[in-house]
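Spelled out from the first residue to the last, the chains are:
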Amino acid sequence: MKIVIIALFLALATPALAVDNVNVVTQPAPVVKPLGQGKMLVSARAQAKIDLITRRLENALVRIESLSDRVSSRIAKMKEAGRDVSQAEAKFAEASAALATAKSAVAAFTIQASTAINGEGTLGAKVTSLRQLVTDTAAKVKAAHQSLVAVITELKVAAGVTQ
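Remember, predicted model here, so these are calculated numbers, not experimental data. (Residues numbered from 1 in each chain as written. Predicted model: local features only at pLDDT ≥ 70, side-chain atom pairs only at ≥ 80, totals over all residues. Heavy atoms only, no water.)

Asker: Just to check I follow, could you spell out the packing of helix H3 (residues 86–118) against helix H4 (residues 123–159) for this structure?
Answerer: Axes are the key here: two packed helices are described by the angle between their axes and the distance separating the axes. Running from amino to carboxyl end, H3 crosses H4 at an angle of 165°, the nearest separation of the two axes being 8 Å. When the axes of H3 and H4 are compared, the pair comes out roughly antiparallel. With respect to the hand of their crossing, H3 and H4 are arranged in left-handed fashion. When the residues that make up the contact of H3 with H4 are grouped by side-chain class, the tally is 22 nonpolar, six polar and four charged. (Axes fitted to C-alpha atoms, helices over the stretch in contact; angles between N-to-C directions. Helix = DSSP H or I, 4+ residues; strand = E, 2+ residues; numbered from the N terminus. Parallel < 35°, antiparallel > 145°, perpendicular 65-115°, else oblique. Left-handed = near helix turned anticlockwise from the far one by under 90°. Nonpolar A, V, L, I, M, F, W, Y, C, P; charged D, E, K, R; others polar.)

Right under this line is the structure:
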């Protein structure tokens, strides 16, 4: 009898031992996203990627402009030294035009990319158009760089370094 009374006392004294207060571990409820939230997440990730690509293209243009300034000063120095730099000057004019085209392409890229992300259509079509847009813009930046490389090659010929 003493054992029953002690067991009853312990059951009533400690709420954790009482049957009514037993905590049942349940699985957390699944998170349900509102409709359209997934599209917003994809759009935000795409915009972040576009921002990264834009920064890279703009940084490349800054480096190319710096190179262009250095090439321009070399042309002036060689001209003062009496070297024939007429071909280099002609190619430098072409390089300046290519650089201006690349600058306008990068500026237009930002606007067109935002329009493509937020526009209508399937995700696959948007990705395809963005890839083509990035490829075209990067090709114009590369063409500007290649035209400056051609100017440098002409300067080397004018200096007598390369035949």
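So much for the structure itself; the text now carries on.
Asker: For this particular structure, what's the right way to read the nonpolar core?
Answerer: Nonpolar side chains tend to gather and get buried jointly when the protein is soluble and globular. Ranked by size, the top nonpolar core spans 30 residues in total, and within it Val71, Ile75, Val85, Phe109, Val141, Val151 and Leu155 carry the most contacts. Residue assignment for this core shows that the elements contributing at least two residues are helix H2 (37–80), H3 and H4. For this core, the element with the highest residue contribution is H3, accounting for eleven residues. When sequence neighbours within four positions are dropped, the list of residues in contact with valine 85 reads Ile75, Met78, Lys79, Leu155 and Ala158. (Core = buried A, V, L, I, M, F, W, Y, C linked by side-chain atoms within 4.5 Å. Buried < 20%, exposed > 50% of the residue type's maximum accessible area, 1.4 Å probe, protein only. Contact = heavy atoms within 4.5 Å.)

Asker: Explanation requested: H4 in the structure shown.
Answerer: Because each turn of an α-helix spans 3.6 residues, side chains separated by three or four positions in sequence point in the same direction. In this model H4 runs 54 Å from its N-terminal to its C-terminal C-alpha over 37 residues, within 8% of the 54 Å that 1.5 Å per residue would give. Among the residues making up H4, those that are buried are Lys126, Leu130, Leu133, Thr137, Val141, Ala144, Ser147, Leu148, Val151, Glu154, Leu155 and Ala158. A positive backbone phi angle near 85° is found at glycine 160, which sits one or two residues after H4. (Expected span 1.5 Å × (residues − 1).)

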